[in-house]
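# Chains, contacts and geometry: an overview
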Amino acid sequence: MSSIYIALKLVCADAGAAKQLRDMLAAAGPEFLRSSSHIAAVFASAEGPTPIRVDGVSSRGDVVSFDYQDPAQQGSLTPDQLLAWQGSGVAFLQYDFCDTQTDYRVTEYYHGLTEISAKEFKARAVSSEVPDAKKVVTLTKQGADTKVAQAIQRGVDINAMVAGFPLYVHVIRAPYPLPLAMAALAKRAIDWRLSTHDAHRYVAGFLEFPAAKIGGMLQAMLRAAGPDLPALMRQESIWHLLLVVPEAMAWVCQQDGLDLDAPLQHASLTDEPFGRLRSHSLITREPCNCGSIMHHINVADSVFYDELARSVNRVRGNFQSTEIDSSIALLKQRGAKAVPPLQQSLAQRLMGYLQDSEDSVSLPQLLDMGLSLTSVLPGGEHPLAMAAQYPPSWEAKLCKINELLNAGAATDAWSSHDGFRSTVLKYVFDAEFRLASLPADPSQTARKFSAGVHTDQVLKLLTHPLKHGLDVSQPFKLYLWQGRNHLTFRGSLLGAIALLLCGRHSELRPWCVPMVRLLLAHGASGADEAETVDASKQVFASYGALQLTGRWQAVVGPFKRTAKASVLERLMHRQTSEGEDAIDTQVIELLQARHA
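All of these numbers come straight from a predicted model, not from anything done at the bench.

## What to know about the confidence of the model for the protein chain
Counting all residues, the mean pLDDT for the protein chain is 79, and 81% of those residues have values of 70 or more. Of all secondary-structure elements in the protein chain, the lowest mean pLDDT belongs to helix H25 (residues 442-446), at 44, while helix H28 (residues 512-520) reaches the highest, 95. Confidence drops under pLDDT 50 across residues 268-280; counting only partners more than four residues distant or on other chains, this segment forms 46 contacts.

Here's what the structure looks like:
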């Protein structure tokens, strides 16, 4: 059974017209609705699979009242529904909407297509006086939402220039939120040529409304734009909202002559009510035009979805990525292409290379264009930091970082203990970092992680800081955790890898012997000590946090039970207490040969 309940009170021209309408409604049913175009159009789902239930039809004088359930109705009546009632002889209309699942309620009054006040509905009289635009501007400054909304509904010229700006700009930029006035604006033909860049504030204001209203408001705004629609559709914020409202995206994709490949302008949504101008793009963070919407989507990573998720959280209370996927699918069906900006910055081109976009250029081409791999970009990010953030998967991140390193990328931060711990160690050993970079393909996500496949890439990454002065003889401080379990480690990097990170029962065990060889070649020693530090007596602000893989007690338990000792002593003790292990045997032989 539908959770949507609607009550209507219809005022007809006279008692005879009311009686005729009552008789038609009393006989309403699926077969009847399909045979009567006027009555069928007033219901949202007359052709739908769920029948409409009409109850309590009655008339008194020129007034007809009835209730009905229509599962397809979402919030306010659409202009097409109002026209249908008008064509059925209805002059005034009271509309009460209730969704019992969300307790969302709407009560509206109409005269023809114009929304009026409850007082005007009761009096059956509508004022014909057109409000003065200057007085309406004063009302917007006072926050008189209801009065401003009524003035807009009564025909005030919303495009009239007042103090150098159109009236609708004053409403959008009002010092107080005016949700009713914003809803009224959505039904008027705004001349966006007067102030196109204010569209982002207007659309951001839609997020203050219930989900049921947003799709209709967005469609009404775009319909009313008329010849200004192409200019309006270059606003980044409008596309962002369209992506989380598939029903509105479907309407846009049906519009003939609309260029879906036109370059967008930047004015991203913000978390503040009614938005605030953000001069930098959400994706490129640069104050310039970006490519088409599909290019915008293709170069985006999880940051793009996170921004849209915040919009959806405010609109619907939860994040459903399927809505975005549905909107993107509609764009692709209409043939939308990823068209890059005519003039891309190096940061934008690097982003495309890191994400293997269909319009990306190669790394040698980027270097020929002047990309520096040893200094930060204008946005403040180093190319190596971008390579650890934007590629779609953990494997792709390692691959891109190594490609940049092979091309000459360098950063002094990786040669210090703190920098190495917060970057390279995290990229390689932190399970949280790896799991956060799972591929989008479900079949790839389900595939079990195999560390051995990635040994070469991992060794290449670790080799770079070792060759550039990282001192592995000094003790490292690490905070290792898994769920509620934790261990605070202080000792050599060799000990951390051989005993814990790639120790017995670790998911990364195949890396152990190759990494030990690498560290020994760069000055590590099996005589270096490793210990557990009491968390209750130390301040661990300087300890790097890494999430361990494997069974916690099997990996960490023996280490915590052993007193302070050298790496070699700990490995030999494990061979005695836990039994022989082939990999530990190889590591012990390597350490003993190092000190022979």
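On we go from here.
## With respect to the sheet that holds strand S12 (residues 544-547)
Note on sheets: strands pair through backbone hydrogen bonds, and any given pair is parallel or antiparallel. Taking strand neighbours across the sheet as the criterion, the 5 strands line up as S12-S9-S10-S11-S13 in an open arrangement whose pairing is mixed. Sheet topology places S12 and strand S13 (565-566) at the edges, where each strand pairs with a single neighbour. Where strand S9 (residues 476-482) and strand S10 (residues 485-491) come together, 7 bridges link them in antiparallel fashion. Each residue of the ladder has a partner; that of leucine 478, found in S10, is phenylalanine 489.

## A few points about helix H4 (residues 79-87)
When H4 is considered as a whole, its buried residues turn out to be Gln81, Leu82, Ala84 and Trp85. The buried residues of H4 occupy an angular sector of 160° when the element is viewed end-on, so they sit on one face. Exposed residues pointing more than 90 degrees away from the buried face of H4 are listed as Pro79 and Asp80. A positive backbone phi angle near 90° is found at glycine 89, which sits one or two residues after H4.

## Remarks on the nonpolar core
In terms of nonpolar packing, the biggest core is built from 76 residues, with Ile401, Phe429, Leu461, Trp511, Met515 and Leu591 touching the most fellow members. With 8 residues, the single largest contributor to this core is helix H27 (residues 493-501). When residues no more than four places from it in sequence are discounted, the contact partners of leucine 591 are Leu494, Val516, Leu520, Gly526, Val567, Leu568 and Leu571. Core analysis: the next-biggest nonpolar cluster, separate from the first, contains 64 residues, Val137, Val162, Ile238 and Ala336 among them.

## Describing the pairing of strand S4 (residues 90-99)
A large share of S4 lies buried, amounting to 8 of its 10 residues. One ladder, built from 9 bridges, connects strand S1 (residues 4-12) with S4; its direction is antiparallel. Among the inter-strand pairings, lysine 9 is bridged to a residue of S4, identified as glutamine 94. Where S4 meets strand S5 (residues 104-111), 8 bridges bridge the pair, whose relative direction is antiparallel. Within the sheet, the bridge partner assigned to phenylalanine 97 lies in S5 and is valine 106.

## A closer look at the side chain of arginine 504
By secondary structure assignment, the location of arginine 504 is in the loop between H27 and H28. With residues near it in sequence (within four places) discarded, arginine 504 still touches Arg509, Ala554, Val555, Arg574, Gln575, Glu578, Gly579, Glu580, Asp581 and Asp584.

## Some points on the sheet that holds strand S2 (residues 53-60)
In space, the 6 strands of this open sheet follow the order S2-S3-S1-S4-S5-S6, with antiparallel pairing throughout. Two strands in the sheet have a free side with no partner beyond their single neighbour: S2 and strand S6 (114-116). Neighbour-to-neighbour, the strand axes of the sheet open up by a mean angle of 25°, direction not taken into account. Judged from the 3 bridges that link them, S5 and S6 form a sheet pairing that is antiparallel. Bridge assignment links histidine 111 to a residue of S6, and that residue is threonine 114.

## Notes on the packing of aromatic side chains
Applying the stated criterion across every chain, the model contains 9 aromatic pairs. Considering the side-chain rings of tryptophan 414 and tyrosine 427, the 6.3 Å spacing of their centres and the 70° angle between planes classify their relative orientation as edge-to-face. Of this pair, tryptophan 414 sits in the loop between helix H21 (394-406) and helix H22 (417-422) while tyrosine 427 sits in helix H23 (residues 424-429); the two residues are 13 residues apart in sequence, bridging distant segments of the chain. In this pair, the class of tryptophan 414 matches that of tyrosine 427, namely buried. Taking 5.3 Å as the distance between ring centres and 35° as the angle between the ring planes, the aromatic pair formed by tyrosine 427 and phenylalanine 433 counts as tilted. Neither residue differs from the other here; tyrosine 427 and phenylalanine 433 are each classed as buried. One aromatic cluster in this structure is built from Phe66, Tyr68 and Trp85.

## Structural notes on the state of the cysteines
One pass over the structure, following the stated rule, counts 0 disulfides. Cysteine 512 supplies the cysteine sulfur nearest to cysteine 502, a cysteine that is in no disulfide, at a spacing of 5.8 Å. Accessibility expressed as a relative area gives 0% for cysteine 502, which makes it buried.

## A look at the packing of helix H13 (residues 236-243) against helix H14 (residues 246-253)
Where H13 meets H14, the closest approach of the two axes is 6 Å, and the angle between their N-to-C directions is 120°. Listed contacts from H14 to Trp239, Leu242 and Leu243 of H13 are Pro246, Ala248, Met249 and Val252. The residue inventory of the contact of H13 with H14, partitioned by class, reads 7 nonpolar, no polar and no charged.

Cut-offs used in this document
Every chain's residues receive numbers from 1 upward, in the order its sequence appears when written. With the structure being a predicted model, the display of local features is reserved for residues of pLDDT at least 70 and the display and counting of side-chain atom pairs for 80 or more, all residues being used for whole-chain, interface and lining totals. Remark: hydrogens and water are excluded; side-chain values derive from all non-hydrogen atoms of the structure. As a per-residue measure, pLDDT tells how confident the predictor is, with possible values from 0 to 100. Counting from the N terminus, the helices are the DSSP runs of H or I reaching at least four residues and the strands are the DSSP runs of E reaching at least two. Whether two residues touch is decided by their heavy atoms; if any such pair falls within 4.5 Å, the residues are in contact. For two strands to be treated as a pair, DSSP must find no fewer than two bridges joining them. Summary of the burial criterion: residues with accessible area below 20% of their type's maximum are buried, those above 50% are exposed, and those between are partly exposed, where the area comes from a 1.4 Å probe applied to protein chains only. When we speak of the arc, we mean the arc of directions from the helix axis to the C-beta atoms. Note on terminology: a nonpolar core comprises buried Ala, Val, Leu, Ile, Met, Phe, Trp, Tyr and Cys residues joined through side-chain atoms within 4.5 Å. Each axis is a line fitted through C-alpha atoms, and for a helix only the stretch in contact is used; angles between axes span 0 to 180 degrees, taken between their N-to-C directions. By convention, a stacked pair of Phe, Tyr or Trp rings (six-membered ring in the case of Trp) has centres within 6.5 Å and planes under 30 degrees apart, an edge-to-face pair has planes over 60 apart, and any other such pair is tilted. The definition used for a disulfide is geometric: two cysteine sulfur atoms within 2.5 Å. Side-chain classes are defined by residue name, with Ala, Val, Leu, Ile, Met, Phe, Trp, Tyr, Cys and Pro counting as nonpolar, Asp, Glu, Lys and Arg as charged, and the others, Gly among them, as polar.

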